[in-house]
Each structure stands twice: as C-alpha cells, then as structure tokens.
Amino acid sequence: MTAIVETRALTKRYGRRTALADCTLTVPAGRVVGLVGPNGAGKSTLLQLACGLLTPTSGTVEVFGRPPAADGAQLGRVGFVAQDTPTYAALTVADHLRLGAKLNPRWDAALAERRVRQLGLDPTQRSGRLSGGQRAQLALTLAVAKRPELLLLDEPVAALDPLARRAFLQSLMEFVAESESQATVVLSSHLVSDLERVCDHLIVLAGSRVQADGEIDDLLATHFRLTTARRDTDTLPAGMRVVNAEHTERQSTFVVRAERAVDDPSWVMEPLGLEDLVLAHLTADPRPVLEPQR
Amino acid sequence: MIEFHIEPRSGVAPYLQLVHQVRQALRLGLLHEGDRLPKVKDVAAKVAINPNTVLKAYRQLENEGLVSPKPGVGTFVTGTLGEPATSEHEPLRQELRRWLASARAAGLDPESIEALFRQTFRSTVEEER
C-alpha cells in the first residue's frame, strides 16, 4: 500500500509547550482519513506540518516520499484548507477563482466555474458577505480546482449548521469520487458521526500523541464494551487489550480490543459505536494503546 | 432505482447498512433482476459517504451473488433472495417456542433469554462467515 503521508517520531514544540509528540503514522493512498481529538491535541499542528507551513522540531514528515513543500511541483499536488475555511473577505467570488487560476499550474477552471454555478454563488459577491456555509464551499472549490492528489482540511465543518455541513460533505465526497486516481483526504473534526460517514480510516490524537490508528471497519469490529462483576484488569483473558477501564464497588466496565467477542456467562460483551470507541481512547492512558495498522 | 441512507447511531458499519438496504429492497420487491444500482459517485455525493464504502458494499453484494458489475456501465442486480417459503416458518416457530419454554423453566427471565439468544445468534453468524 502506498503511503501518501508518512511521519516518523514527528515532534513539534513551541518553546516549552509540546504540540505534537513522537507521532509515527502512515496515511495510505486513496483513503479519506479522519483526524479526531480534543482541542490542543495536535491536529492542526500535524496538518500544518504535512503541508509544509510548519517545520518539525524533530522527527520527519514526508509527503509523496519527499519533504512537504519541497518545490512548486510538490505544492501543486497538495491542497490545504485551513481552520475556519478562510477566504479573502474583500475579494469577490470571481476574484478568488482568478487568483486560483493564476497561482495554480493545474487549475481546473471548468470545475471551479461549474461548482460556483451549482452552489448558486454570485460571482460578483464579496466573500466577506457570504454565509459560513458558502464561504466554506468557496474555500473547498479553490482547494479542489487545483486538482490536488492530497487534500488536507482542518476542521472544515466546525462552524457550519447541520444543513451546510451536510452540503459541504456531499461536495467533498463528490470530489473524492470524481478524482481520477482517487485523491487522498485528511480531515480533522470533532464530529465523529460525520467522520464515520465520510472516512474509511481514523487517527485518534490525544495529549499530542496518536492513540489509535486504523481502518474504521477494523476498529469497529475489534472493539467491545465488556461489563462484568468487579474484577481487576489483569484477570481478563489474554488476547484482550484494555483500552479503558472503569470500576464501581461492584461492577467493572472495560473497553477492550479483541479479535472477536468472547461468550462468557459472567459478562456481557457488546460491540461499541465509533463515538464511544473514540472517547475510550481519548480517556485512555497517555501511552499509545494501539499500534498503527499497516 | 433505490435511494440509500445512513444511520450513524445504529452501530452498524456504513457499508453493511448499504448491503442491508439492497437486500431489503430485493425482499420487498423494490429491486428486480436486471435493475441497475445507483452509481458509486452518485451515492457518495448524495448520501455524503465515502465512495470506498459504496464500493465495499457493492463488492460484498457481488460476493453474495446478488449483483454483478459491468465495467463502464454500472452494477446490476443478478440474483434474488431465495427466502424459504413461509411454510418453513411454522415448524421453526414451534421449535423456538419449545426452546423458550425450557429457558423459562430453567429460570431465565425474558431479558436474559433475549441476551442469550442475541449472543448465540451473533457468534454463530460470525463463525459461519
């Protein structure tokens, strides 16, 4: 499987503060990868390192097997939509498209114009007067019309209402389905239910570290909630790895990773939704619980 | 043509939800042999889901012998769901009733019976896979 983004022990510090620590992961080609984690977990830092806006303190990051933003050709293959989908407030929609055409050698003007028409955007409108949803769609239009092979999006739907959010995700999936050799997308979000729809791969970041990394279907098939009379974590059978444990006087509730559910009259072992799976990893030990899946 | 939807809170993997919806449409007679399934691209854009998810669902349906892809044209329904005749249901129901009665006689309350059934059902299905 070709790796589009590959990081090794990637670390970014701002003075004393560590934004990203010892991050080793692979983004496989043709996937839509969700990046999830609390604020300050290092999601934006990771995305900005991957597009070359930041340089690592230590460790390495490679995109298409080369350092990010190595040259113009490399930049042309990567699209980046920063947090809150910024556009130039004083420029019109048409100005943005002109800017995109002048700055990007692979610019697809027909695609950009078709999208603006479909979205019902007025080309003479200044982007400062667009609604949040329209601005996000304009930013996405600029990013996809450069025909990137890798598209990085930082919390693109965080500020949108449910309708605009759905419309944005529809546009994004249309782009993925239409791109010739299917483009790779990495998008960060708090909204696990959105990520479950549009992503096939998930990376959970917490405390500036990777807590879980894998195909969503695999993650769902191998995580369970196990409820039983109070017992110690180390009394669970081998082959179950505890992600998270909670105990009351009488009861223990574990989130475990296992190949399959094990029937035992002394416990209830049930599948776990993606949201609870993510939460279990976010409240797990700070050290990585899962090895990245290759 | 059928339309898909995804229920995020169902706990069922999105690709399986699509598989179930096709199977259901076959059972309900909404899809017939020869019908074309919606294009992957259209499903992705309409439902706002990953095109890989749609592909995975279509592949699974293909493995089940229900659909087959014609390159460049689309994916077509080729099979029917051969549900056993409803006459088969009655003897099975009677057996189940007898089993339920013995579970009650063993002191299990309805919830434990349901849990036992669900767990056994799930692990059996997994083993058969």
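Residues numbered from 1 in each chain as written. Chains lettered and ligands numbered in written order. Predicted model: local features only at pLDDT ≥ 70, side-chain atom pairs only at ≥ 80, totals over all residues. Heavy atoms only, no water.

Chain A is annotated in an unreviewed UniProt entry as ABC transporter ATP-binding protein of Kitasatospora cheerisanensis KCTC 2395.

Chemist: Give me a negative patch on the surface: which residues, what numbers.
Modeler: A contiguous patch of negative charge on the surface is contributed by A:D263, B:E126, B:E127 and B:E128. Summarising the element assignment, B:E127 is placed in helix α5 (residues 110-128). Taking the relative accessible area as the measure of exposure, B:E127 reaches 66% and is therefore exposed. (Patch = residues over 30% accessible without salt bridge, like charges linked within 9 Å, V, L, I, M, F, W, Y side chains within 5 Å. Areas by Shrake-Rupley, 256 points an atom, 1.4 Å probe, with all protein chains shown as cover. Salt bridge = Lys/Arg side-chain N within 4 Å of Asp/Glu carboxyl O. Lys, Arg positive; Asp, Glu negative; His and termini not counted. Charge placed at Lys NZ, Arg CZ, Asp CG, Glu CD. Helix = DSSP H or I, 4+ residues; strand = E, 2+ residues; numbered from the N terminus. Buried < 20%, exposed > 50% of the residue type's maximum accessible area, 1.4 Å probe, protein only.)

Chemist: An account of the packing of helix α2 (residues 40-47) of chain B against helix α3 (residues 51-63) of chain B is needed here, citing residue identities and associated values.
Modeler: Residue and element names in this part refer to chain B. At a closest axis distance of 8 Å, the pairing of α2 and α3 adopts a crossing angle of 130°. Classified by the angle their axes make, α2 and α3 are oblique. Where α2 crosses over α3, the two elements pack in a sense that is right-handed. Of the residues in α3, those in contact with V40, V43 and A44 of α2 are P51, V54, L55 and Y58. Residues belonging to the contact of α2 with α3 are distributed by class as follows: seven nonpolar, no polar and no charged. (Axes fitted to C-alpha atoms, helices over the stretch in contact; angles between N-to-C directions. Parallel < 35°, antiparallel > 145°, perpendicular 65-115°, else oblique. Left-handed = near helix turned anticlockwise from the far one by under 90°. Contact = heavy atoms within 4.5 Å. Nonpolar A, V, L, I, M, F, W, Y, C, P; charged D, E, K, R; others polar.)

Chemist: Help me get a handle on helix α5 (residues 132-145) of chain A, residues and values and all.
Modeler: Residues and elements named next belong to chain A. Its 14 residues place the ends of α5 20 Å apart at the C-alpha level, agreeing with the 20 Å of an ideal helix rising 1.5 Å per residue. By the criterion of burial, α5 is predominantly enclosed, with 11 of the 14 residues buried. Within α5, burial applies to G133, A136, Q137, L138, A139, L140, T141, L142, A143, V144 and A145. The elements touched by buried residues of α5 are β5 (78-81), α3 (93-103), α4 (109-119), β6 (150-154) and α6 (162-178). Count one or two residues on from α5 and you reach R147, which has phi positive near 55°. (Expected span 1.5 Å × (residues − 1).)

Chemist: Which residues make up the nonpolar core, and what values go with them?
Modeler: All names here are of chain A. Residues L151, L153, F168, L172, V185, L187 and L202 are the most contacted members of the largest nonpolar core, which totals 53 residues. Looking at which element gives the most residues to this core, the answer is α5, with eight residues. In this structure, this core is formed jointly by two domains, domain 1 (3-207) and domain 2 (221-282), each of which donates at least three residues. Beyond its immediate stretch of four places on either side in the chain, L202 contacts G34, V36, L195, A212, D213, G214, I216, L219, L274 and V278. In this structure, V5, C23, V27 and L54 belong to the second largest nonpolar core, which totals 26 residues. (Core = buried A, V, L, I, M, F, W, Y, C linked by side-chain atoms within 4.5 Å. Domains from an automatic or database assignment.)

Chemist: Lay out the sheet that holds strand β2 (residues 17-28) of chain A in plain terms, naming residues and giving numbers.
Modeler: Residues and elements named next belong to chain A. What the three strands build is an open sheet, ordered β2-β1-β4; its pairing is antiparallel. Of all the strands in the sheet, just β2 and β4 (58-63) have a single pairing partner and so form its edges. Neighbour-to-neighbour, the strand axes of the sheet open up by a mean angle of 20°, direction not taken into account. Sheet contacts for helix α1 (residues 43-51): β1 (3-14), β2 and β4; angle to β1, the most-contacted strand, approximately 120°. (Pairing = 2+ DSSP bridges.)

Chemist: Can you break down the interface of chain A and chain B residue by residue, with the values?
Modeler: By a frequent convention, interface size equals the accessible area lost on bringing the separate parts together. With 28 residues of chain A in contact, the opposing surface of chain B contributes 22 residues. For the chain A and chain B pair, buried surface summed over both sides reaches about 2000 Å², with 46% attributable to carbon and sulfur atoms. For the pair chain A and chain B, the number of links is three salt bridges. Taken together, the links from chain A to chain B amount to 11 residue pairs in polar contact (both at pLDDT 80 or more). At the level of secondary structure, the elements contributing two or more residues to the side of chain A that touches chain B comprise α6, α7 (192-198), α8 (216-222) and β13 (267-271) of chain A. In terms of residue class, the side of chain A that touches chain B is built from 12 nonpolar, four polar and 12 charged. (Buried area = accessible area lost by both parts, 1.4 Å probe. Polar contact = N/O pair within 3.5 Å; in protein donor to acceptor, adjacent residues only side chain to side chain.)

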